[in-house]
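A structural walkthrough
The residues making up each chain are set out below.
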Amino acid sequence: MEDTYRHKGLRKKLVDEIRKKGVLDENILGAINRVPRHLFLDSGFLNFAYEDKPFPIGSGQTISQPYTVAFQTQLLDVQPGDKILEIGTGSGYQACVLEELGAEVYSIERQQKLFVKTKTLLTQMGYKAKLILGDGYLGLPDKAPFDAILITAAAPEVPEILFEQLKNGGVLVSPVGGGSVQTMMRFTKSKSGKLTKQTFGAFQFVPLLKNVAND
Ligand code: SAH
């Protein structure tokens with residue numbers, strides 16, 4: 001759980017790199033600067049923790065690239081106190097960035113092993129994000145509606161049920177596409193409940209799969 005001056009220095013460099021790539025929101029950059037990303041990687045991979053790259057975290061899954069985390073977070077337009085649902089907890093890194101921005105975070109993961117590992121880590125780190133083992137295709141109806149929903153795995157289409165769990169005035173951000181490259185999309189639900197969509201370029205995510213898994 002150590003966070004040394006060296007780690008802090010590397011993190012500051014990472015933040016500068018993300019800023020240069022176009023994420024200018026200082027609240028988001030501040031949140032990235034506060035989350036010790038090296039703790040989310042197995043200790044043998046410390047040198048990779050502050051490169052702006054995705055990285056394998058076991059169970060065939062990856063921790064997202066920091067730029068992608070910053071970019072999706074920017075599209076969510078998080079306000080302190082927002083209730084946010086993340087689909088695809090993975091390492092838990094994105095959930096912690098959202099929590100650092102003052103959000104109340106619910107995050108669903110389908111891989112049981114990863115869920116247990118991440119829940120243990122986030123508790124040790126003192127984060128309060130509520131992690132749920134489940135199938136994100138179903139959302140989280142008993143905690144709905146959400147101010148924002150973030151999907152961090154790729155589906156050919158956003159499951160309709162998730163739009164129903166979004167507040168009027170809320171946004172849903174998701175990579176959309178069935179191939180190896182997806183389009184980042186933001187859906188905004190108007191005060192009257194009408195959806196509009198915007199696209200934000202190409203990204204690569206692991207697929208959104210159905211059902212809980214034990215591998
Ligand atoms: N947000 C993560 C990166 C996510 S990688 C981070 O910050 O590290 C995508 C994750 O989505 C994987 O862990 C994968 O197991 C999970 N996933 C895939 N399909 C899912 C589903 N239907 N419900 C919940 N999680 C799912």
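Description of the structure in this document. Here the residue numbering is sequential within each chain, running from 1 through the sequence in written order. At least 70 in pLDDT is required for a residue's local features to be given in this predicted model, at least 80 for side-chain atom pairs to be given and counted, and no such filter applies to totals for whole chains, interfaces and linings, which use all residues. Only hydrogens and water are set aside when side-chain values are computed; all heavy atoms of the structure are taken into account.

Considerations on the pattern of salt bridges
Salt bridges are identified by distance alone: a Lys or Arg side-chain nitrogen within 4 Å of an Asp or Glu carboxyl oxygen. Across all of its chains, the model carries 12 salt bridges by this definition. When the shortest N-O distance is used, the salt bridge between Lys130 and Glu104 registers 3.9 Å. Of this pair, Lys130 sits in strand S5 (residues 130-133) while Glu104 sits in strand S4 (residues 104-109), placing them 26 residues apart in sequence. Overall, the relative accessible area of 37% leaves Lys130 in the partly exposed class. Note on exposure labels: buried denotes an accessible area under 20% of the residue type's maximum, exposed denotes more than 50%, and partly exposed covers the range between, all computed with a 1.4 Å probe on protein chains only. Glu104 sits in the partly exposed class, given a relative accessible area of 31%. Residues joined by salt bridges that share partners form a network here, namely Lys12, Asp16, Arg19 and Glu26. A run of H or I in DSSP counts as a helix once it spans at least four residues, and a run of E counts as a strand once it spans at least two, with each numbered from the N terminus.

A closer look at helix H3 (residues 66-76)
Every α-helix winds through 3.6 residues per turn, so residues three or four apart in the chain are directed the same way. The buried fraction of H3 amounts to 10 of the 11 residues, a majority that puts the element mostly inside the structure. Burial in H3 covers these residues: Pro66, Tyr67, Thr68, Val69, Ala70, Phe71, Gln72, Thr73, Leu75 and Leu76. Trailing H3 by a residue or two, Asp77 shows a phi angle of about 50 degrees, which is positive.

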